[in-house]
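Working through the structure, step by step
Each chain is listed here by its residues.
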Amino acid sequence: MDLAYIPSPSTGVIHLGPVPLRGYAFCIIIGVFVAVWFGNKRWLARGGKAGTVADIAVWAVPFGLVGGRLYHVITDYQLYFSEGENWVDAFKIWEGGLGIWGAIALGAVGAWIGCRRRGIPLPAYADAIAPGIALAQAIGRWGNWFNQELYGRRTDLPWALEISEGPNREAGLYHPTFLYESLWCVGVALLVVWADRRFRLGHGRAFALYVAAYCAGRAWIEYMRVDEAHHVLGLRLNVWTAIVVFLLAVTYIVVSSRTRPGREEVVEPAALADVAKADAEKAAKADAEKAGKADGDGTDAAEADEPGAGKPGADPAGPADRAVPARADRDTAATRAKAGSEETGVKPESAEKS
């Protein structure tokens, strides 16, 4: 009697009226949202603009889905084009079957188109989105759990996966390779984030580290699987693919570190231009406020210098203005005294003094 195991869902689709809600599709969609969200946070930290990651994802995601499906159909063509099979099933992506190798390859083409339209270097964008892609894969692998597919060999471990009887599968307990890969992808995301902070990876090296780390795990997980696959020299095709891609990623890291050390200082020129424009506008506003304040202080000082300025009831005339009537009065008095002396023939002393 098995004391513990991981149960599989009885169905991978729930019907909401006439609309089917498929667990596999939900996992893919949630994974894409997580990748864009986390990629956007990393892009902003690198000096990019908000929304750029999502804009480029509009190109990358559809290309990635097409590439992933093409890789699966080409490498497992017997499931769709052999005798007794219906080739129309090759278009039923909701039933599962996405090859990560094709998804990354063609998704990179879509990302390149989006980056080119925005004037952004593709390696910088790839570095920002790399951990998010790993997390998207971790979530997407649970779609295999909903479809009861891509499990490993039989096992009696406590975390064995229960598989029910169905087309092309036998009931029993198997290694939950979907869970192994999901946990491995979470570890890859953490590794890339740590290494990027520790070594300031740039020019695509963070993305290359993600590829190398994922391939290392995919090789041994793939070796455990029992689903039908093509073999080359005794190894599954995907194992060989993982080995080759791993070597290419490591080679890129080594060569890139020597030829282009360090990290890009500017990842999005438009964002830098916006910051410069905002700084210029802020400086101009500060200068205008300073100039306005200086003009106000000068006016106040001039008004303060005027006698009686700002005092209620004060005489608006200055001392000089008040002195004019005083002198006029004295002149008038002197004239009158002189006239009187001429008539009497006596010079008054007061008049002379005046």
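Residues numbered from 1 in each chain as written. Predicted model: local features only at pLDDT ≥ 70, side-chain atom pairs only at ≥ 80, totals over all residues. Heavy atoms only, no water.

**Here we look at the overall build of the chain**
- Secondary structure assignment for the chain yields twelve helices and six strands.
- Of all 354 residues assigned to the chain, the portion counted as buried reaches 36%.
- Contacts in the chain between residues at least 24 apart in sequence constitute 69% of all its contacts with a sequence separation of at least 6. (Helix = DSSP H or I, 4+ residues; strand = E, 2+ residues; numbered from the N terminus. Buried < 20%, exposed > 50% of the residue type's maximum accessible area, 1.4 Å probe, protein only. Contact = heavy atoms within 4.5 Å.)

**Some details on the pairing of strand E2 (residues 19–22)**
- One ladder, built from four bridges, connects strand E1 (residues 13–16) with E2; its direction is antiparallel. Its bridge partner lying in E2, His15 is registered against Pro20.
- In this antiparallel pair of consecutive strands, E1 and E2, the connection spans two residues, and Gly17 shows a positive phi of 70 degrees. (Pairing = 2+ DSSP bridges.)

**Topic: the nonpolar core**
- Within the largest apolar cluster, 38 residues are counted, with the highest numbers of intra-cluster contacts made by Trp43, Trp101, Tyr125, Val192, Phe207 and Tyr210.
- Contributing elements (two or more residues each) for this core: helix H2 (52–75), helix H4 (100–118), helix H5 (122–140), helix H7 (177–199), helix H8 (205–224) and helix H9 (237–259).
- Sequence-distant contacts of Trp101, that is, excluding residues within four places in its chain, are made with Tyr71, Tyr214, Cys215, Arg218, Asn238, Thr241, Ala242 and Val245.
- Core analysis: the second largest hydrophobic core is formed by seven residues, Tyr151, Ile163, Tyr174 and Phe178 among them. (Core = buried A, V, L, I, M, F, W, Y, C linked by side-chain atoms within 4.5 Å.)

**Some details on the packing of H4 against H5**
- Where H4 meets H5, the closest approach of the two axes is 12 Å, and the angle between their N-to-C directions is 140 degrees. For the element pair H4 and H5, the recorded crossing hand is right-handed. Residues Ile100, Ile104, Ala108, Ala111, Trp112 and Cys115 of H4 form the contact with H5, whose participating residues are Leu122, Tyr125, Ile133 and Gln137. (Axes fitted to C-alpha atoms, helices over the stretch in contact; angles between N-to-C directions. Left-handed = near helix turned anticlockwise from the far one by under 90°.)

**With respect to the confidence of the model for the chain**
- Looking at the chain as a whole, its pLDDT mean stands at 84, while 80% of the residues score no less than 70.
- Below a pLDDT of 50 lies the segment residues 308–314, which in the model reaches two contacts outside its immediate sequence neighbourhood of four places, other chains included.
- Counting contacts from residues 316–328, a segment whose pLDDT is below 50, to residues more than four positions away or on other chains yields three contacts. (pLDDT = per-residue confidence, 0-100.)

**Observations concerning the pattern of salt bridges**
- This structure, assessed with the given rule, holds 14 salt bridges.
- Notably, a salt bridge pairs Arg118 with Glu268, separated by 3.4 Å at the nearest N-O pair. Within this pair, whereas Arg118 is found in helix H4, its partner Glu268 is found in the loop between H9 and helix H10 (269–305), the two being separated by 150 residues in sequence.
- Across the pair Glu181 and Arg218 runs a salt bridge whose closest N-O atoms are separated by 4.0 Å. Taken together, the residues Glu181 in helix H7 and Arg218 in helix H8 connect sequence positions 37 residues apart. Both residues of the pair, Glu181 and Arg218, belong to the buried class. (Salt bridge = Lys/Arg side-chain N within 4 Å of Asp/Glu carboxyl O.)

**Some points on a nonpolar patch on the surface**
- A contiguous nonpolar patch, built from Ile243, Phe246, Leu247, Val250, Val254 and Val255 and spanning about 440 Å² of accessible area, is present on the exposed surface.
- Considering the arrangement of structural elements, one finds Phe246 in helix H9.
- A residue is classified by how much of its surface remains accessible, and Phe246, at 31% relative accessible area, is partly exposed. (Patch = residues over 30% accessible without salt bridge, like charges linked within 9 Å, V, L, I, M, F, W, Y side chains within 5 Å. Areas by Shrake-Rupley, 256 points an atom, 1.4 Å probe, with all protein chains shown as cover.)

**Considering unusual backbone geometry**
- A positive phi angle, close to 50 degrees, is found at Arg200, a residue other than glycine.
- Looking at the element boundaries, Arg200 is found in the loop between H7 and H8.
- Phi at His203 is positive, roughly 55 degrees, even though this residue is not glycine.
- Looking at where His203 falls in the secondary structure, it is placed in the loop between H7 and H8.
- The buried category is assigned to His203, whose relative accessible area is 10%.

**Looking at the side chain of Arg169**
- Relative to the helices and strands, Arg169 is located in the loop between strand E3 (161–163) and strand E4 (172–174).
- Buried charged residue Arg169 carries no salt bridge. Nearest counter-charge: Glu165, at 7.4 Å.
- From its side chain, Arg169 meets the backbone oxygen of Ser164 in a polar contact 2.8 Å long.
- Setting aside residues up to four positions removed in sequence, Arg169 forms contacts with Asn147, Gln148, Tyr151, Ile163 and Ser164. (Lys, Arg positive; Asp, Glu negative; His and termini not counted. Polar contact = N/O pair within 3.5 Å; in protein donor to acceptor, adjacent residues only side chain to side chain.)

**Describing H7**
- Over its 23 residues, H7 runs 32 Å from end to end, which matches the ideal 33 Å to within 8%, given 1.5 Å per residue.
- In the stretch just after H7, Arg200 is the one whose phi turns positive, near 50 degrees. (Expected span 1.5 Å × (residues − 1).)

**Structural notes on the packing of H5 against H8**
- Relative to each other, H5 and H8 sit at 25 degrees, their axes nearing to 7 Å. As far as their axial angle goes, H8 and H5 are roughly parallel. Note on packing geometry: the crossing formed by H5 with H8 is left-handed. Residue-level contacts link Ala126, Asp127, Ala130, Ile133, Ala134 and Gln137 of H5 to Arg205, Ala206, Phe207, Tyr210 and Tyr214 of H8.
- Along the lines of polarity and charge, the residues of the contact of H5 with H8 split into eight nonpolar, one polar and two charged. (Parallel < 35°, antiparallel > 145°, perpendicular 65-115°, else oblique. Nonpolar A, V, L, I, M, F, W, Y, C, P; charged D, E, K, R; others polar.)

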